[in-house]
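Listed below are the residues making up each chain.
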Amino acid sequence: MLSDVSSPAAMAALVFGLLVSSTLPQFAFCITRHYTFNIVQHNVTRLCKTKSIVTVNGKFPGPRLIAREGDRVLVKVVNNVTNNVTIHWHGIRQLRSGWADGPAYVTQCPIQNGQSYTYNFTITGQRGTLFWHAHISWLRATLHGPIIILPRRNDSYPFRKPYKEVPIIFGEWWNADPEAVISQALQTGGGPNVSDAYTINGLPGPLYNCSSKDTFKLKVKPGKTYMLRLINAAMNDELFFSIANHTVTIVESDASYVKPFVTNVVFLTPGQTTNVLLKTKPHYPNATFLMAARPYVTGQGTFDNSTVAGFLEYEHPPNHSHIKKTTLFKPTLPPLNATAFVTNFTKKFRSLNSPRYTATVPQTVDKHFFFTVGLGTSPCPQNTTCQGPNNGTKFAASVNNVSFALPTTALLQAYYFKNSNGVYTTDFPANPTNPFNYTGTPPNNTLVSNSTRVVVLPFNTSVELVLQDTSILGAESHPLHLHGYNFFIVGEGFGNFAPNNDPTNYNLVDPVERNTFGVPAGGWVAIRFLADNPGVWFMHCHIDAHTSWGLRMAWIVQDGTLPSQTLPPPPSDLPMC
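Below you will find a few notes about this structure. (Residues numbered from 1 in each chain as written. Predicted model: local features only at pLDDT ≥ 70, side-chain atom pairs only at ≥ 80, totals over all residues. Heavy atoms only, no water.)

Next up on the list: the overall build of the chain. Helix and strand counts for the chain stand at five helices and 33 strands. Radius of gyration (C-alpha) of the chain: 23 Å, near the 25 Å computed for a compact globule of 577 residues. With respect to the three principal axes, the spread of C-alpha positions in the chain is 75 × 55 × 55 Å. Summarising the internal contacts of the chain: among those between residues at least 6 apart in sequence, 80% fall at separations of at least 24. If you sum the accessible surface of the chain, you get close to 22,600 Å²; carbon and sulfur atoms cover 51% of it. Looking at the chain, you have 42 positive and 31 negative side-chain charges, and the mean spots of the two groups are 9 Å apart. (Helix = DSSP H or I, 4+ residues; strand = E, 2+ residues; numbered from the N terminus. Rg over C-alpha atoms; globule rule 2.2 N^0.38 Å. Contact = heavy atoms within 4.5 Å. Areas by Shrake-Rupley, 256 points an atom, 1.4 Å probe, with all protein chains shown as cover. Lys, Arg positive; Asp, Glu negative; His and termini not counted. Charge placed at Lys NZ, Arg CZ, Asp CG, Glu CD.)

Right, dumping it as structure tokens:
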């Protein structure tokens, strides 16, 4: 049992295995890895404030989950806190293991206080960086950690093996309880209070008051290549990240290899992961370099306008005098509203599409969908005043004007046992029911409908989905995450999608493959995927304020005809509602 998988020794032993070669067949190396996640309260001090937070095993951020491609992973989650809990393994395909996906009231009922549930899944055809996080309310603010998927024992990276690998997870810190923050927002109908700091590996860094001692430091040697496993686990903010006087080479996104390219700034939406290679300077530079992250902002709401920083520090050569003062270099980050940079950056991503790692883009489409995504309003309860766009409304968000209401039982259970009556309906609109000029002057009526409607797809349906931002309450980028699948981003643009012209510019050769991608503010994105994984799969904005307001929906993918194309029965310890 890997009781302390985040220890340096365990990590070193596992990574060392990459060097070991053998003549045994690949499958002989696939093993079962056991983890125990105890959900416990733990006191943590940041920004001179001590508070009790919900953690895994008393760690913030939580422990690393390390496995190889092909391994089976069993994670026993034991809930010792009063909050209901679920854990989502963000980006894991969950082929025929939908019961282990984790979103509350979608694939499972929550794990209640004193209960446990064992998530059981196999990592198939994926290698790189993903992350796990709570998937109920706003608990993921403190319940999150890296998933590190190493190649199979005899496989290598499609680039030179780095000297060292370092997970860097970006988060957000509230002095208040995040659960109280979203609860108050939903009650008043206003926007939720913003966070008090961003964090790198749980540390806010020296640019915040009373925080210099809580600073992440990456110590490096000259002339080496380090792989930084970047994860944006922030709740509500897309982020720019840069290291002063250094460039990085991007080699992987969302656990899929990409054609390498060099950049001095990395952009990540919440839910995205990116592996980058950092080549250190050939000689000791007698300098310290600030690494920093701050938000990319497109909406009209308030946001945490602050910067998290850490230090890149070179090890002193053996005979170097420590007295000499080093210079501190600071990075230049794009402006907060740098949409042109984000557009140019995201368009550089291309699937590696080598003979070993092919891009299996659906070339034909069985079903076309067109979804608008954006904000809207809900009416205020009678005889109350709300803090939404006006006194009589609350903020809401929707897909095709449907604000998705989570049921009180899990959709997957209702579907599997054919008990859908009163839980969900299968009439989610494939296109907007009331078309309008989506990026022009918004309509006067901004009210959304509120229901639990899903799309049903036959097994192996090839799908093209166009996601269109709207200007209702202001155009804003929306990072959409699809559970249970990767998808190919075949096209993107600004303004309204033009169905007769835009598809002629699609990239159907080597588009990037991701599980989370930002719909541009005032624009659209086209994705394709093959519905080859039976189950119920959540799709939602990964900005949690928008998810809480209803920017979410679900796909049901039916069983195929073969046993290998069907969803197995639920495990015996599946929590009940």
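Moving on from the coordinates now.
What follows is about the sheet that holds strand S5 (residues 87-90). Across the sheet, four strands lie side by side as S3-S8-S7-S5; this open sheet has mixed pairing. Edge positions in the open sheet fall to strand S3 (65-68) and S5, since each of these has one partner strand only. Each strand of the sheet is rotated relative to its neighbour by a mean of 20 degrees, with strand direction disregarded. Direction of pairing for S3 relative to strand S8 (residues 144-150): parallel, over a ladder of four bridges. (Pairing = 2+ DSSP bridges. Axes fitted to C-alpha atoms, helices over the stretch in contact; angles between N-to-C directions.)

Read from one edge to the other, the open sheet built from five strands follows the order S25-S33-S32-S27-S30, with strand pairing classed as mixed. The open sheet is flanked by strand S25 (454-457) and strand S30 (516-519), the only strands paired with a single partner. Pairs of neighbouring strands in the sheet enclose a mean axial angle of 20 degrees, with direction left out of account. Inspection of the sheet shows strand S27 (residues 478-482) paired to strand S32 (residues 535-541) by three bridges, in the antiparallel sense. In the sheet register, Leu480 faces S32, and the bridge partner there is Cys541.

Let us now look at the state of the cysteines. Scanning the entire structure with this criterion turns up three disulfides. Across the disulfide from Cys48 sits Cys210; the S-S distance is 1.6 Å. With the S-S bond torsion at 50 degrees, the cross-link from Cys48 to Cys210 turns out right-handed. Of the two residues, Cys48 is situated in the loop between strand S1 (32-46) and strand S2 (49-56) and Cys210 in the loop between strand S10 (197-200) and strand S11 (217-220); the sequence distance between them amounts to 162 residues. Covalently, Cys109 is tied to Cys577 through a disulfide, its sulfur atoms 1.9 Å apart. An S-S torsion of about -100 degrees defines the bridge between Cys109 and Cys577 as left-handed. (Disulfide = S-S within 2.5 Å.)

For the structure on display, the rule yields 37 aromatic pairs. Relative to Trp174, the ring of Trp138 has its centre 5.6 Å away and its plane inclined at 50 degrees; by these criteria the two rings are tilted. A residue pair is termed long-range when its members are at least 10 positions apart, and Trp138 in the loop between strand S7 (128-134) and S8 and Trp174 in the loop between strand S9 (164-173) and helix H2 (178-188) qualify at 36 residues. In terms of burial, Trp138 and Trp174 fall into one category: buried. Where Phe341 meets Phe345, the ring centres are 5.9 Å apart and the plane angle is 15 degrees; that geometry is what we call stacked. On the criterion of helical spacing, the pair formed by Phe341 and Phe345 is a turn pair, its members being four residues apart in helix H3 (residues 339-347). Relative accessible area serves as the criterion here: at 25%, Phe341 is assigned to the partly exposed category. Judged by relative accessible area, which is 2%, Phe345 ranks as buried. An aromatic cluster of three or more residues is present, and its members are Phe240, Phe261, Phe267, Tyr296, Phe341, Phe345 and Phe349. Above the ring of Trp173, the side-chain terminus of Lys51 is found at 4.6 Å from the ring centroid. Across from the ring centre of Phe349, 5.2 Å away, lies the NZ or CZ of Arg514, which sits over that ring. (Phe/Tyr/Trp six-rings, centres within 6.5 Å; stacked < 30°, edge-to-face > 60°. Buried < 20%, exposed > 50% of the residue type's maximum accessible area, 1.4 Å probe, protein only. Lys NZ or Arg CZ within 6 Å of the ring centre and 35° of its normal.)

What follows deals with the nonpolar core. In this structure, Trp89, Leu228, Phe371 and Trp555 are the most contacted members of the largest nonpolar core, which totals 152 residues. With sequence-adjacent residues up to four places away left out, Leu228 is seen in contact with Val166, Ile168, Leu218, Ile243, Thr274, Asn275, Val276 and Leu278. Among the nonpolar cores identified, the runner-up in size contains 11 residues, and Ala359, Val361, Trp524 and Ala526 belong to it. (Core = buried A, V, L, I, M, F, W, Y, C linked by side-chain atoms within 4.5 Å.)

With that settled, consider the pattern of salt bridges. If you walk through the whole model with that rule in mind, you get 14 salt bridges. Between Glu165 and Arg229 there is a salt bridge, and its shortest N-O distance comes to 2.8 Å. One end of the pair, Glu165, is in strand S9; the other, Arg229, is in strand S12 (residues 225-232), with 64 residues separating them in the sequence. With relative accessibility at 11%, the residue Glu165 sits in the buried group. For Arg229, a relative accessible area of 1% puts it in the buried group. Across the pair Arg350 and Asp510 runs a salt bridge whose closest N-O atoms are separated by 3.6 Å. Pair noted here: Arg350 is in the loop between H3 and strand S21 (367-379) and Asp510 is in the loop between strand S28 (487-494) and strand S29 (513-514), with a separation of 160 residues, a long-range link. Here Arg350 falls in the partly exposed class, since its relative accessible area comes to 33%. Overall, the relative accessible area of 13% leaves Asp510 in the buried class. (Salt bridge = Lys/Arg side-chain N within 4 Å of Asp/Glu carboxyl O.)

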